[in-house]
Amino acid sequence: MDKKYTKKDIIKRASYKLHISHNDCKIIADCFFEILEQMITENKDSINIEVRNFGVFNVFKTKERHNARNPKTKEKIIIPERKKVVFKPSKRIKLKLYN
């Protein structure tokens, strides 16, 4: 079975590595994720959030689709434009993953 990591696991490892209390580390992690969420949800067409040696989060709008169909009823539907978040890992992470 695959391992599922949660925010709690991140906090536990970071507090151990930084030698700080679990509660202090939780405050820092919550602040980091809150700021990341605010940046990702800004009302702009395209957003790039670069974290050096980790990767880049790209947020962009998808186009509205007029030619989509419901596969069950074959009815034509219009899919509105949306925002999409894509993560691109850094070269360092890619090397660790693929080697």
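Residues numbered from 1 in each chain as written. Predicted model: local features only at pLDDT ≥ 70, side-chain atom pairs only at ≥ 80, totals over all residues. Heavy atoms only, no water.

Student: I would appreciate a short explanation of the nonpolar core in the present structure.
Tutor: A general feature of soluble globular proteins is that nonpolar side chains tend to end up buried together. Counting six residues, the largest nonpolar core is built from Leu36, Ile40, Ile47, Ile49, Phe57 and Val59. When residues of this core are traced back to their parent elements, those giving at least two are helix H2 (22–40), strand S1 (46–51) and strand S2 (55–61). With residues near it in sequence (within four places) discarded, Phe57 still touches Leu36, Ile47, Asn48, Ile49, Val85, Val86 and Phe87. (Core = buried A, V, L, I, M, F, W, Y, C linked by side-chain atoms within 4.5 Å. Buried < 20%, exposed > 50% of the residue type's maximum accessible area, 1.4 Å probe, protein only. Helix = DSSP H or I, 4+ residues; strand = E, 2+ residues; numbered from the N terminus. Contact = heavy atoms within 4.5 Å.)

Student: Help me out: how do you make sense of unusual backbone geometry in this one?
Tutor: Glycine aside, the phi torsion of most residues is negative, and most peptide linkages are trans. With a phi close to 60°, Asn53 is a non-glycine residue in the positive phi region. One can find Asn53 in the loop between S1 and S2. Judged by its relative accessible area of 49%, Asn53 falls in the partly exposed class. If you check the backbone angles, Lys74 has positive phi at about 60° while not being a glycine. Looking at the secondary structure, you find Lys74 in the loop between strand S3 (65–69) and strand S4 (76–79).

Student: Just checking my understanding: could you explain the environment of Thr41 for this structure?
Tutor: Checked against the element boundaries, Thr41 lands in the loop between H2 and S1. With a relative accessible area of 55%, Thr41 lands in the exposed category. Along the primary structure Thr41 and Lys8 are separated by 33 residues, whereas in three dimensions their C-alpha atoms are 23 Å apart. Reaching out from Thr41, the side chain makes a polar contact with the backbone oxygen of Glu37 at a distance of 2.8 Å. (Polar contact = N/O pair within 3.5 Å; in protein donor to acceptor, adjacent residues only side chain to side chain.)

Student: Before we go on, may I ask you to explain the pairing of S3 in this structure?
Tutor: The side chains of a regular strand alternate between the sheet's two faces. Summarising the sheet, S3 and S4 pair through three bridges and their orientation is antiparallel. Pairing of Ala68 across the sheet is with Ile77, part of S4. Remark: six residues form the turn of the hairpin made by S3 and S4, two consecutive strands paired antiparallel; Lys74 in that turn has positive phi of roughly 60°. (Pairing = 2+ DSSP bridges.)

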